[in-house]
Amino acid sequence: MWTALNLSMAVLCVAVALWLRPWRMLRGPLFTPALASLVLLPWLWLLPQKMPQGLQVQLSGACLLVLMLGWPLAVLVLAGIAAVVWGVGQAAPEAALHQWVWIGLVPATLALGIGAVIRRWLPPNLFVYTLGRAFLGTAAAVFLSGLLLEGLQWLAGEPARDLSLVARWLMAWGDAFLTGMFGAIFVAFVPQWLATWSDQRYLQPPKP
């Protein structure tokens, strides 16, 4: 069941991303953060395999990728990250696929939706982007992804794990801290690395 579901979700996301042809964005300044993500994020995803038994710390980084690269390009980069994790780590292909979908694609897609809501309903300013979209939006996307996974596991009849939702809640805030911090740094020093940032939108003077 899980392999078929994960494979279907992955194929759908990749098909939509390829249809949008996001590799055209690599001709500009986004090539550097895309390449850096392929080099650095696999080690973050490999962290659970390196931790002592019973201590599973899993951070995503997918929401930061969406801020930097946009959703279509982030999907393709996440595919490369999952491939590296599968090749370098010791997880089975099914586990690598599961990680790609639930640590990468689902939080990234939820972050895209939350970002769209924020753009639609909140004023365009620096505070809303860094605190609302980068920090709180990431916490919501990562936790909702974990909540959805827990719900599907319950529907599938798998036994509930003690304090699993608490752990997912705490990990969501860890991801939110990293995304909010790097988002603020990039806005200040390298805004060209953020495909979702616009000086004209977020730094416009207040209306009289």
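Quantities reported herein were computed from a predicted structural model and do not represent experimental measurements.

Calculation notes
- Note that residues are indexed from 1 along each chain, following the sequence as it is written.
- In view of the model being predicted, local features appear only for residues whose pLDDT reaches at least 70, and side-chain atom pairs are presented and counted only at 80 or more, with totals across whole chains, interfaces and linings using the full set of residues.
- Only hydrogens and water are removed before side-chain values are computed, so all heavy atoms of the structure are retained for them.
- Numbering goes from the N terminus for both helices and strands, where a helix is a DSSP run of H or I of at least four residues and a strand is a run of E of at least two.
- Restricting the calculation to C-alpha atoms gives the radius of gyration, and the globule rule supplies 2.2 Å times the number of residues raised to the power 0.38.
- Buried means the residue's accessible area, taken with a 1.4 Å probe over protein chains only, is under 20% of the maximum for its type, while exposed means over 50%, and partly exposed covers the values in between.
- Here, two residues are considered to be in contact whenever any of their heavy atoms come within 4.5 Å of each other.
- The pocket and cavity definitions rest on a 1 Å grid over protein atoms only: a 1.4 Å probe that fits but cannot leave marks a cavity, an open set with protein on both sides within 12 Å along at least five of seven lines marks a pocket, and residues lining either have an atom within 4 Å of a point.
- Grid points are joined across faces, edges and corners, and a volume is the space filled by probe spheres set on the points.
- Classes in brief: Ala, Val, Leu, Ile, Met, Phe, Trp, Tyr, Cys and Pro nonpolar; Asp, Glu, Lys and Arg charged; the others, Gly included, polar.
- What counts as a salt bridge is simple: a side-chain nitrogen of Lys or Arg found within 4 Å of a carboxyl oxygen of Asp or Glu.

Remarks on the overall build of the chain
In step 1: Per the secondary structure count, the chain includes 9 helices and 0 strands.
In step 2: Each helix and strand of the chain, placed in order from N terminus to C terminus, yields the pattern α-α-α-α-α-α-α-α-α.
In step 3: A globule of 208 residues ought to have a C-alpha radius of gyration of about 17 Å, and the chain, at 17 Å, matches this closely.
In step 4: In terms of its C-alpha atoms, the chain occupies a principal-axis envelope of roughly 60 × 35 × 30 Å.
In step 5: Taken across its 208 residues, the chain has 42% of its residues classed as buried.
In step 6: Once local pairs closer than 6 in sequence are excluded, the contacts in the chain between residues at least 24 apart make up 77%.

Digging into the layout of surface pockets
In step 1: In this structure, the second largest pocket occupies an estimated 330 Å³ of space.
In step 2: Lining the second largest pocket are 16 residues, with Leu40, Leu41, Leu64, Met68 and Phe182 positioned closest to its centre.
In step 3: Contributions of two or more residues to the lining of the second largest pocket are made by helix H2 (31–45), helix H4 (62–69) and helix H8 (164–189).
In step 4: By residue number, the principal contributor to the lining of the second largest pocket is H2, which donates 6 residues.
In step 5: Across the lining of the second largest pocket, the residue classes tally to 12 nonpolar, 3 polar and 1 charged.

What about unusual backbone geometry?
In step 1: Within the chain, Arg21 stands out as a residue other than glycine whose phi angle is a positive 50°.
In step 2: With respect to the element layout, Arg21 can be found in the loop between helix H1 (2–19) and H2.
In step 3: Judged by its relative accessible area of 43%, Arg21 is partly exposed.

Observations regarding the environment of Ile114
In step 1: Along the chain, Ile114 falls in helix H6 (residues 93–121).
In step 2: Taking the C-alpha atoms as reference, Ile114 lies 9.7 Å from Leu136; in sequence the two are 22 residues apart.
In step 3: Residues contacting Ile114, with those up to four places away along its chain left out, are Gly137, Ala140 and Ala141.

Topic: empty space enclosed by the protein
In step 1: Applying the stated criterion across every chain, the model contains 2 cavities of 30 Å³ or more.
In step 2: Around the largest cavity, the lining residues are Cys63, Val66, Leu67, Ala111, Ile114, Gly115, Arg133, Gly137 and Thr138.
In step 3: The residue inventory of the lining of the largest cavity, partitioned by class, reads 5 nonpolar, 3 polar and 1 charged.
In step 4: Here the second largest cavity defines a volume of roughly 40 Å³.

Some words on the pattern of salt bridges
In step 1: Within the structure shown, the criterion is met by 1 salt bridge.
In step 2: Salt-bridge contacts for Glu150 lead to Arg168; the nearest nitrogen and oxygen are separated by 2.8 Å. A residue pair is termed long-range when its members are at least 10 positions apart, and Glu150 in helix H7 (residues 126–155) and Arg168 in helix H8 qualify at 18 residues.
In step 3: Residue classification places Glu150 among the buried positions, given a relative accessible area of 13%.

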